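Coordinates in review
Each chain, written out:
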Amino acid sequence: MAVENMTEPKPMNELRPEEKLSIAGWAQKNLFSPWYNSVLTAVGVILVVMLLKEAVPFLIDAQWPAVTTNIQILLVGQYPSEELWRVGAGVLPMPFIVGLAWGVWGSMMRTFSVTLVVSAVLTAISSLFGDSMSSGLALWFTVSPFLVLLGYAVGRRDFIGPRQVLIIWFLFLLLTLFFLRGFGEDSAMPHVPTDRWGGLLVTILIAQVGIAVVLPLGIVLALARQSNLWFFKGAAIAYIEVLRATPLLALLFLMLIVSPMFLPDVTTPDRLMLAFIAIVLNNSAYMAENIRGGLQSVSRGQVEAAQALGMRGSHVTLVIVLPQAIRATIPAIVGQFIILFKDTAVIALVGLMDLLGAAYAIILGQDAWRTADPEVFLFVAAVYWIFTYGMSSVSAGVEKRMRTGAD
Amino acid sequence: MSAQSVENEVMVQTTDVEKWFGSLHVLRGISVTIKKGEVVVIFGPSGSGKSTFIRTLNRLEEHHKGEIIVDGTVLDNDVRNIETVRSEIGMVFQQFNLFPHKTVIDNVALAPKLVRKLSKVDADELAMNMLELVKIPEQAHKFPGQLSGGQQQRVAIARALAMQPKIMMFDEPTSALDPEMIAEVLDVMIDLAKSGMTMIVVTHEMGFAREVADRLMMFDEGLIVEEGTPDKMFDNPQHDRTKEFLSRVL
Ligand SMILES: Nc1ncnc2c1ncn2[C@@H]1O[C@H](COP(=O)(O)OP(=O)(O)OP(=O)(O)O)[C@@H](O)[C@H]1O
Ligand SMILES: [Mg+2]
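Residues numbered from 1 in each chain as written. Chains lettered and ligands numbered in written order. Predicted model: local features only at pLDDT ≥ 70, side-chain atom pairs only at ≥ 80, totals over all residues. Heavy atoms only, no water.

Things to note about the interface of chain B and chain A
On the side of chain A, 19 residues touch chain B, which itself brings 25 residues to the contact. Close ionic contact of Arg55 of chain B with Glu304 of chain A constitutes a salt bridge, the shortest N to O distance being 2.7 Å. Joining chain B to chain A, the criterion identifies 4 residue pairs in polar contact (both at pLDDT 80 or more). Looking at the side of chain B that touches chain A, the elements that each hand over two or more residues are helix H3 (79-88), strand E6 (89-92), helix H4 (104-114) and helix H6 (149-161) of chain B. Of the residues in the side of chain B that touches chain A, the class split is 14 nonpolar, 5 polar and 6 charged. (Contact = heavy atoms within 4.5 Å. Salt bridge = Lys/Arg side-chain N within 4 Å of Asp/Glu carboxyl O. Polar contact = N/O pair within 3.5 Å; in protein donor to acceptor, adjacent residues only side chain to side chain. Helix = DSSP H or I, 4+ residues; strand = E, 2+ residues; numbered from the N terminus. Nonpolar A, V, L, I, M, F, W, Y, C, P; charged D, E, K, R; others polar.)

Here it is as structure tokens:
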């Protein structure tokens with residue numbers, strides 16, 4: 001926190017006069033000189049014009065109702081309509097926690113949070129035109145930006161730090177899952193099996209639970225691979241090398257088709273859970289290798305200094321080496337999170353209803369929208385982009401902070 | 001115990017210590033006895049085994065032959081013995097090796113908390129006392145990367161002292177420092193020596209050796225070729241290797 005206050009006044013040379021060019025001067029400098037840039041500029045302009053000529057009529061004629069009338073399927077899949085309030089209430093902590101993280105980590109979470117807030121606000125505004133969105137949904141998108149801001153205000157306070165945010169996030173995630181899943185048939189929240197869950201809800205749940213599981217698992221695997229105990233070392237090497245050599249899609253088919261053969265007949269396997277396990281197995285192997293790279297980057301002198309102070313081996317690893325390794329690896333870790341988020345889309349290929357699967361269901365399942373695939377896929381792509389762009393900006397922010405060397 | 005016997009208490013005793021790196025015979029029979037309160041300076045040409053020797057004393061390197069006893073504890077493969085010895089010997093490295101992800105005060109307070117099981121309050125108070133001893137309490141809440149080399153090395157000394165060790169070892173503590181920072185570190189070490197700390201110092205700072213060393217040891221090719229008081233070693237060295245080496249560093 002103190003680091004924030006230490007930013008020095010901007011050095012004068014950042015305001016060099018030649019940087020304050022006129023538009024014409026800027027164009028001259030960046031677009032037309034040297035001569036080959038003029039050619040590139042011309043080619044670029046022609047391409048953009050051609051693209052717009054196609055795109056503008058498409059966007060005007062587009063069948064956006066394919067998206068708007070199906071917005072519920074895209075967001076939550078076939079979650080029963082009468083239980084939808086549970087989804088709305090269950091995921092309410094998420095915008096709050098995004099805000100908390102923004103408050104605690106500051107600038108590097110800013111773009112992520114602002115992107116989500118802007119998206120929610122735009123969705124809420126769009127619900128005013130046309131009546132395809134349920135009032136509950138419109139209410140949710142209206143409330144959530146305020147929850148982000150509330151979270152931000154709380155996160156700025158001193159009593160809350162990175163560790164608290166992670167704990168709160170983890171606990172609320174468990175709570176959300178229980179809320180969505182429900183209990184017995186007669187209870188106020190009857191059981192909703194996971195094959196009714198779907199859409200963006202499933203995508204962000206798998207991504208978040210995946211992140212929460214993959215990072216610790218990757219750390220344990222990396223430490224095991226570095227250990228002197230042959231059993232742990234061997235098991236970790238086998239796990240990592242086998243799973244890195246298996247394509248995620250093959251693993252997914254293996255989990256969903258082959259593994260039920262080995263399960264006792266009484267249990268109907270939870271397909272979403274099996275798909276989730278496949279994603280975790282695959283990503284944790286890569287995560288372990290990222291972390292191992294970080295462990296190797298910590299100098300021998302660090303270990304010796306800790307040992308010379310009389311620290312136990314476990315303290316040396318957990319208190320001295322691991323935190324430095326993770327710091328050195330944060331950009332790769334966030335990169336792996338982005339990959340995991342995008343990987344969730346493969347579960348659509350085994351018939352599960354994540355965001356992409358919901359899009360397939362709309363196009364293939366309803367005759368009215370059979371030709372509306374560009375609109376639906378454009379929408380899906382835009383939603384993925386919002387999240388991956390947000391995460392990339394976090395990664396860029398982390399790298400920037402590491403370069404400037406603050407802390 | 002009489003004052004006499006406390007004076008003569010043996011802190012470090014090594015007998016015919018030998019070590020190899022692969023086929024390289026780096027220590028070829030080192031026997032030393034260091035008493036409580038003694039300041040021993042080790043010097044000698046590069047590669048002669050100075051670092052390796054002091055690193056065997058806290059088991060950063062394993063020795064292959066001979067015996068090492070530190071304050072009554074025999075250094076063998078028993079992990080508890082190793083941890084006991086390490087918590088009684090403080091070590092300062094040429095490259096400082098501060099923990100870059102911890103503030104200065106946390107660097108100093110960490111081992112007392114984890115090893116000596118001090119409470120956070122007690123450990124922080126102890127750490128501040130140590131930082132005052134090395135004259136940089138005002139840097140307590142900075143990170144090591146924000147300090148000069150001389151300041152970092154003084155933090156490293158404070159960190160070692162916070163374990164309240166009976167022996168302090170220094171491996172070329174000023175070799176990585178700019179000349180104008182050497183004095184500030186040597187001053188702290190001189191104060192420490194005068195306070196009665198048992199010290200083993202690998203250094204070529206002969207001014208320091210002359211001022212506070214009780215005994216000098218000249219290492220060459222894994223052996224102690226000559227040892228004695230500063231007066232004897234500087235003014236009347238016996239061995240050709242010692243004469244030659246000192247003529248180059250003095
Ligand atoms: N980990 C190691 N593996 C292999 N050889 C080593 C290792 N550490 C040191 N050596 C070798 O052992 C010999 C003694 O090294 P040592 O570091 O003890 O010398 P030194 O007297 O401290 O020299 P300097 O003044 O350069 O620090 C050298 O030949 C060195 O190359
Ligand atoms: Mg050395």
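Focus on the packing of H4 of chain B against helix H5 (residues 120-133) of chain B
Residues and elements named next belong to chain B. Contact pair H4 / H5: the axes reach a minimum separation of 8 Å and the direction vectors enclose 125°. Overall, the two elements H4 and H5 adopt an arrangement that is oblique. Helix-helix and strand crossings are classified by hand; for H4 and H5 the assignment is right-handed. Touching Val104, Ile105, Val108, Ala109, Pro112 and Lys113 of H4 are Lys120, Ala123, Asp124, Leu126, Ala127, Met128, Met130 and Leu131, all from H5. A class-by-class count of the residues in the contact of H4 with H5 yields 11 nonpolar, no polar and 3 charged. (Axes fitted to C-alpha atoms, helices over the stretch in contact; angles between N-to-C directions. Parallel < 35°, antiparallel > 145°, perpendicular 65-115°, else oblique. Left-handed = near helix turned anticlockwise from the far one by under 90°.)

Focus on the site of ligand 1
Residue and element names in this part refer to chain B. Taken together, the neighbourhood of ligand 1 is formed by Phe21, Leu24, Val26, Pro45, Ser46, Gly47, Ser48, Gly49, Lys50, Ser51, Thr52 and Glu172. Within the backbone of Ser48, a nitrogen or oxygen atom sits 3.2 Å from an oxygen atom of ligand 1. A distance of 2.9 Å separates an oxygen atom of ligand 1 from a polar atom in the side chain of Lys50. Residue assignment for the shell around ligand 1 shows that the elements contributing at least two residues are strand E2 (24-35) and helix H2 (50-57). Top contributing element to the shell around ligand 1 by residue count: H2, with 3 residues. Taken together, the residues that form the shell around ligand 1 break down as 4 nonpolar, 6 polar and 2 charged. (Near = heavy atom within 4 Å.)

Some points on helix H14 (residues 271-297) of chain A
Under the 1.5 Å per step criterion, the end-to-end length of H14 of chain A is 40 Å for 27 residues, consistent within 8% with the ideal 39 Å. The residue sitting at the N-terminus of H14 of chain A and contributing the capping side-chain oxygen is Asp270 of chain A; that oxygen lies 3.1 Å from the backbone nitrogen of Leu272 of chain A. (Expected span 1.5 Å × (residues − 1).)

Topic: the packing of helix H7 (residues 93-105) of chain A against helix H9 (residues 135-156) of chain A
Residue and element names in this part refer to chain A. Two numbers describe how H7 lies on H9: the axes approach to 6 Å, and their chain directions differ by 30°. Considering only the axes of H7 and H9, their crossing is right-handed. Every residue of H9 that contacts H7 at Pro95, Phe96, Gly99, Leu100, Trp102, Gly103 and Val104 is listed here: Trp140, Ser144, Leu147, Val148, Leu149, Leu150, Gly151, Tyr152, Val154, Gly155 and Arg156. Taken together, the residues of the contact of H7 with H9 sort by class into 12 nonpolar, 5 polar and 1 charged.

Points about the pairing of strand E9 (residues 215-220) of chain B
Residues and elements named next belong to chain B. Burial analysis of E9 places 6 of its 6 residues in the buried class, the great majority of the element. Covered by surrounding structure in E9 are Arg215, Met217 and Phe219 together with Leu216, Met218 and Asp220, the residues of both alternating faces. Two strands pair when backbone bridges link them, and strand E3 (residues 39-43) and E9 are joined in this way by 4 bridges, in the parallel orientation. Residue pairing for E9: Ile42 is matched across the bridge by Met217. Joining the antiparallel neighbours E9 and strand E10 (residues 223-228) is a turn of 2 residues, in which Glu221 adopts a positive phi near 50°. (Buried < 20%, exposed > 50% of the residue type's maximum accessible area, 1.4 Å probe, protein only. Pairing = 2+ DSSP bridges.)

Describing the packing of aromatic side chains
For any two aromatic rings, the description comes down to two numbers: the centre-to-centre distance and the angle of the planes. This model, assessed by the stated rule, comprises 11 aromatic pairs over all chains. For the ring pair Trp102 of chain A and Tyr152 of chain A, a centre distance of 4.4 Å and an interplane angle of 40° mean the geometry is tilted. Of this pair, Trp102 of chain A sits in helix H7 while Tyr152 of chain A sits in helix H9, and the two are 50 residues apart along the sequence. For Trp102 of chain A, a relative accessible area of 12% corresponds to the buried category. Look at Tyr152 of chain A and you get partly exposed, because its relative accessible area is 27%. Centroid distance Phe53 of chain B to Phe219 of chain B: 5.6 Å. Interplanar angle 40°. Geometry classified as tilted. In this pair, Phe53 of chain B is assigned in helix H2 and Phe219 of chain B in strand E9, connecting sequence segments 166 residues apart. Side by side, Phe53 of chain B and Phe219 of chain B carry an identical accessibility label, which is buried. (Phe/Tyr/Trp six-rings, centres within 6.5 Å; stacked < 30°, edge-to-face > 60°.)

Thoughts on the pattern of salt bridges
Residues and elements named next belong to chain A. Taken as a whole, this structure holds 23 salt bridges over all chains when the rule is applied. A salt bridge links Arg244 to Glu289, with the nearest nitrogen and oxygen atoms 3.8 Å apart. Remark: Glu289 occurs in helix H14 and Arg244 occurs in helix H12 (residues 230-244); sequence separation between them is 45 residues. Classification of Arg244 as partly exposed rests on a relative accessible area of 32%. Residue class for Glu289 comes out buried when judged on its relative accessible area of 16%.

Remarks on the layout of surface pockets
To find leftover empty space, one rolls a probe the size of a water molecule over the atoms. Residue and element names in this part refer to chain A. One number sums up the size of the second largest pocket: a volume of about 560 Å³. Forming the walls of the second largest pocket are 15 residues, and the residues nearest its centre are Gln226, Val303, Gly313, Thr317 and Val321. Residue assignment for the lining of the second largest pocket shows that the elements contributing at least two residues are helix H11 (199-226), helix H15 (300-308) and helix H16 (313-343). Looking at the lining of the second largest pocket, the element that brings in the most residues is H16, giving 5 residues. When the residues that make up the lining of the second largest pocket are grouped by side-chain class, the tally is 6 nonpolar, 8 polar and 1 charged. (1 Å grid on protein atoms, 1.4 Å probe; cavity = no way out; pocket = protein on both sides within 12 Å on 5 of 7 lines; lining within 4 Å. Points joined across faces, edges and corners; volume = space filled by probe spheres on them.)

Regarding the confidence of the model for chain B
Residue and element names in this part refer to chain B. Of the residues in chain B, 97% have a pLDDT of 70 or more, and the chain-wide mean is 94. Under a pLDDT of 50 for its full length, residues 1-5 has, in the predicted model, 1 contact with residues more than four places off or in other chains. The complex model carries a pTM of 0.85, and its ipTM stands at 0.94. (pLDDT = per-residue confidence, 0-100.)

Points about the sheet that holds strand E4 (residues 65-70) of chain B
All names here are of chain B. The strand order across the open sheet built from 4 strands is E2-E1-E4-E5, with neighbouring strands paired in antiparallel fashion. Strands at the two margins of the open sheet, each flanked by one partner only, are E2 and strand E5 (73-74). Both strand E1 (residues 10-21) and E4 contribute to a ladder of 5 bridges, which runs antiparallel. Across the sheet, residue Glu18 finds its bridge partner in E4, namely Lys65.

With respect to the nonpolar core
One finds Met311 and Ile347 of chain A together with Ile42, Phe53 and Ile200 of chain B to be the most contacted residues of the largest nonpolar core, which totals 139 residues. The biggest single contributor to this core is H11 of chain A, with 13 residues. Discounting residues that sit within four places of it in the chain, Met311 of chain A has contacts with Ala306, Val316 and Ile320 of chain A together with Phe99, Leu110, Ala111, Leu114 and Val115 of chain B. By size, the runner-up hydrophobic cluster in this structure holds 52 residues, among which are Ala123, Leu161, Ala193 and Met218 of chain B. (Core = buried A, V, L, I, M, F, W, Y, C linked by side-chain atoms within 4.5 Å.)

Focus on the environment of Ile219 of chain A
All names here are of chain A. As for its placement among the helices and strands, Ile219 is situated in helix H11. Among the residues examined, Ile219 registers a relative accessible area of 14% and is labelled buried. Between the C-alpha atoms of Ile219 and Leu352, which are 133 residues apart in sequence, the distance is 30 Å. In this view, Ile219 contacts Ile291, Leu322 and Ile326; residues no more than four positions away in its chain are not counted.

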